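Examining the three-dimensional arrangement
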Amino acid sequence: MVSMRVGMRRLRLGVLVSGRGTNLQSIIDAIERGDLAAEIAIVISNKKNAPALERARNHGIEALYLNPRNYPGREAYDEALKSELESRNVDLVVLAGYMLVLSPGFVRHFFGRLMNIHPALLPSFPGTHAQAQALARGVKVSGCTVHFVDEGVDTGPIILQAAVPVLEDDTEETLSARILEQEHILYPRAIQLFAEGRLVIEGGRVRILQENIKAR
Ligand code: GRF
């Protein structure tokens, strides 16, 4: 017997990128393997030649370059982003190596449906060059964090984290590669938890429910 959930549709993702797009690729791969019940409605880049755009197109996903220079400022640009996302009925906005800081209005509008991945164990080492910051501080463990985005830089409620050891002879490259491997596992898992309706923001933290509240 074939069973089907009537009236449910797959979670629609909008992915914002600026660069090589290996996290985007891990999300695409998880969807194609059947490990992530979602579809990517659109990938948008602020960089024309971002390899991430090519990765999307290779999988038949709509990929859009939005040139910031065509807008008078950050707010106008983010308004354009918002309307591209909303016209495609996106449920969750996923930042995957998106290098522009989003305006407060955009963040407020999408709060609770806007996720980021950061290559450190937040709240340690927010901002750019997180792996180099970790090495410079001599921590023995680092990792990655998936979090909801709030108006600060890498300060939003934490969803999932994965740790990796920092080795004596690590360089920024070797540590980054070790962390990246974990990022590619963690991000699809966090999005799947969202798809299952299991993430609840309570103040500054995220509670992960054991079961899907929508299914109750
Ligand atoms: C990753 O290290 C991610 O944690 C950070 O930006 C990088 C993006 O890499 N936010 P990629 O474009 O997904 O390969």
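Our subject is the structure listed above.
Heads up: these notes are all about the structure in this document. (Residues numbered from 1 in each chain as written. Predicted model: local features only at pLDDT ≥ 70, side-chain atom pairs only at ≥ 80, totals over all residues. Heavy atoms only, no water.)

This part takes up the sheet that holds strand 1 (residues 11-17). Sheet strands pair via backbone hydrogen bonds, and the direction of the pair is either parallel or antiparallel. A sheet is described by the order of its strands in space; here seven strands give the open sequence 3-2-1-4-5-6-7, paired in mixed fashion. Both edges of this open sheet fall to strand 3 (63-65) and strand 7 (158-165), since each of them pairs with a single strand only. Strand-to-strand twist across the sheet, computed as the mean angle between neighbouring axes with direction ignored, equals 20°. The strands touched by helix 2 (residues 51-58) within the sheet are strand 1, strand 2 (38-45) and strand 3, with strand 3 carrying the most contacts at an inclination of about 155°. (Pairing = 2+ DSSP bridges. Helix = DSSP H or I, 4+ residues; strand = E, 2+ residues; numbered from the N terminus. Axes fitted to C-alpha atoms, helices over the stretch in contact; angles between N-to-C directions. Contact = heavy atoms within 4.5 Å.)

Right, let's talk about the site of the ligand for a bit. The environment of the ligand is formed by Arg20, Gly21, Thr22, Asn23, Gly97, Ile117, His118, Pro119 and Glu183. Arg20 is positioned with one of its side-chain polar atoms (N or O) 2.5 Å from an oxygen atom of the ligand. At 2.9 Å, a backbone N or O of Gly21 approaches an oxygen atom of the ligand. Protein contacts shield 86% of the accessible area of the ligand, which totals 370 Å² for the unbound molecule. Comparing atom positions with the cavity grids shows the ligand to sit within the largest pocket. Counting only elements with at least two residues in the shell around the ligand, the list comes to helix 1 (22-33) and strand 5 (114-118). (Near = heavy atom within 4 Å. Polar contact = N/O pair within 3.5 Å; in protein donor to acceptor, adjacent residues only side chain to side chain. Areas by Shrake-Rupley, 256 points an atom, 1.4 Å probe, with all protein chains shown as cover. 1 Å grid on protein atoms, 1.4 Å probe; cavity = no way out; pocket = protein on both sides within 12 Å on 5 of 7 lines; lining within 4 Å. Sits in = over half its atoms within 2 Å of the grid points.)

Once that is clear, we can look at helix 1. With twelve residues, helix 1 should reach 16 Å at 1.5 Å per residue; the first-to-last C-alpha distance of 16 Å fits that figure. Of all twelve residues that make up helix 1, nine are buried, and the element is covered over most of its length. Taken together, the buried positions of helix 1 are occupied by Thr22, Asn23, Leu24, Gln25, Ser26, Ile27, Ile28, Ala30 and Ile31. Summarising the contacts, the buried residues of helix 1 are in contact with strand 1, strand 2, helix 2, strand 4 (92-95), strand 5 and helix 6 (172-195). (Expected span 1.5 Å × (residues − 1). Buried < 20%, exposed > 50% of the residue type's maximum accessible area, 1.4 Å probe, protein only.)

A few words now on the packing of helix 5 (residues 130-137) against helix 6. Relative to each other, helix 5 and helix 6 sit at 115°, their axes nearing to 9 Å. Our pair here, helix 5 against helix 6, has a crossing hand that is right-handed. Along the contact surface, helix 5 presents Gln131, Ala132, Ala134 and Leu135, while helix 6 presents Glu172, Leu175, Ser176 and Ile179. Residue composition of the contact of helix 5 with helix 6, by class: five nonpolar, two polar and one charged. (Left-handed = near helix turned anticlockwise from the far one by under 90°. Nonpolar A, V, L, I, M, F, W, Y, C, P; charged D, E, K, R; others polar.)

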